[in-house]
Amino acid sequence: MFKGRGLAAMILYTIYDPSVVFQNVDYYNQEKLNSGFAEMEVNGVRVLAAPAQNEGMRIERLLSTNPMHFLDPRLQPGVSIPEKRSQGG
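This report concerns the structure included in the present document. None of these values were measured; they are calculated from a predicted model.

## Notes on the overall build of the chain
Regarding its fold elements, the chain presents three helices and seven strands. Secondary structure of the chain in N-to-C order comes out as β-β-α-α-β-β-β-α-β-β. Within the chain, buried positions represent 24% of all 89 residues. Summarising the internal contacts of the chain: among those between residues at least 6 apart in sequence, 31% fall at separations of at least 24. Counting only carbon and sulfur atoms, one obtains 53% of the accessible surface of the chain, whose full area is about 6800 Å².

## Quick look at the environment of Val42
Along the chain, Val42 turns up in strand S3 (residues 38–42). Residue Val42 is classed as buried on the basis of its relative accessible area, which comes to 4%. Along the chain, Val42 and Arg74 lie 32 residues apart, while their C-alpha atoms are 8.9 Å from each other.

## Quick notes on the nonpolar core
Ala38, Met40, Val42, Val45, Val47, Ala49, Met57, Ile59, Leu62, Leu75 and Ile81 form the largest nonpolar core, which has eleven residues in total. Counting only elements with at least two residues in this core, the list comes to S3, strand S4 (45–51) and strand S5 (57–62). Setting aside residues up to four positions removed in sequence, Ile81 forms contacts with Met40, Val42, Ala49, Gly56, Met57 and Ile59.

## Some thoughts on the pattern of salt bridges
A complete count under the given rule lists four salt bridges for this structure. A salt bridge links Arg58 to Glu60; the nearest nitrogen and oxygen atoms lie 2.6 Å apart. Under the relative-accessibility criterion, Glu60 is labelled partly exposed at 29%. A single salt-bridge network, built from bridges that share partners, covers Glu39, Glu41 and Arg46.

## Re the environment of Ser64
With respect to the element layout, Ser64 can be found in the loop between S5 and helix H3 (67–70). If we skip the residues at most four places from it in the chain, Ser64 touches Ile15, Val45, Arg46, His69 and Phe70. Separated by 3.0 Å, the side chain of Ser64 and the backbone nitrogen of Asn66 make a polar contact. Side-chain polar atoms of Ser64 contact the side chain of His69, separated by 2.6 Å.

How each quantity is defined
Residues numbered from 1 in each chain as written. Predicted model: local features only at pLDDT ≥ 70, side-chain atom pairs only at ≥ 80, totals over all residues. Heavy atoms only, no water. Helix = DSSP H or I, 4+ residues; strand = E, 2+ residues; numbered from the N terminus. Buried < 20%, exposed > 50% of the residue type's maximum accessible area, 1.4 Å probe, protein only. Contact = heavy atoms within 4.5 Å. Areas by Shrake-Rupley, 256 points an atom, 1.4 Å probe, with all protein chains shown as cover. Core = buried A, V, L, I, M, F, W, Y, C linked by side-chain atoms within 4.5 Å. Salt bridge = Lys/Arg side-chain N within 4 Å of Asp/Glu carboxyl O. Polar contact = N/O pair within 3.5 Å; in protein donor to acceptor, adjacent residues only side chain to side chain.

Next up, the structure:
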C-alpha cells in the first residue's frame, strides 16, 4: 500500500461489481443497490441476477473465473431464469 499525507491506495481485484463492494459509500445510488439483485446458482455456476419483467430472474453477470462458463450461451447476461433457484451470498 502507498501511504502519504494520510491517504492509502490499493488495487482491489474482484469479480463483484464495485457497487456491491462499496455499497455503504455515499456516492453510489442507494435506490439502485436495493433493486433486488441476488446471487444464485444456475447450471452449477454462481451468477448475479436481477428481477425480470416476467416474474423470473435475468442474469446480469457471471461470478465465475472459469472462461468456459462465459462461452456457455445459457449463462450469458440477459438470459431469463424462469424461477429463483438456490439463492446464496
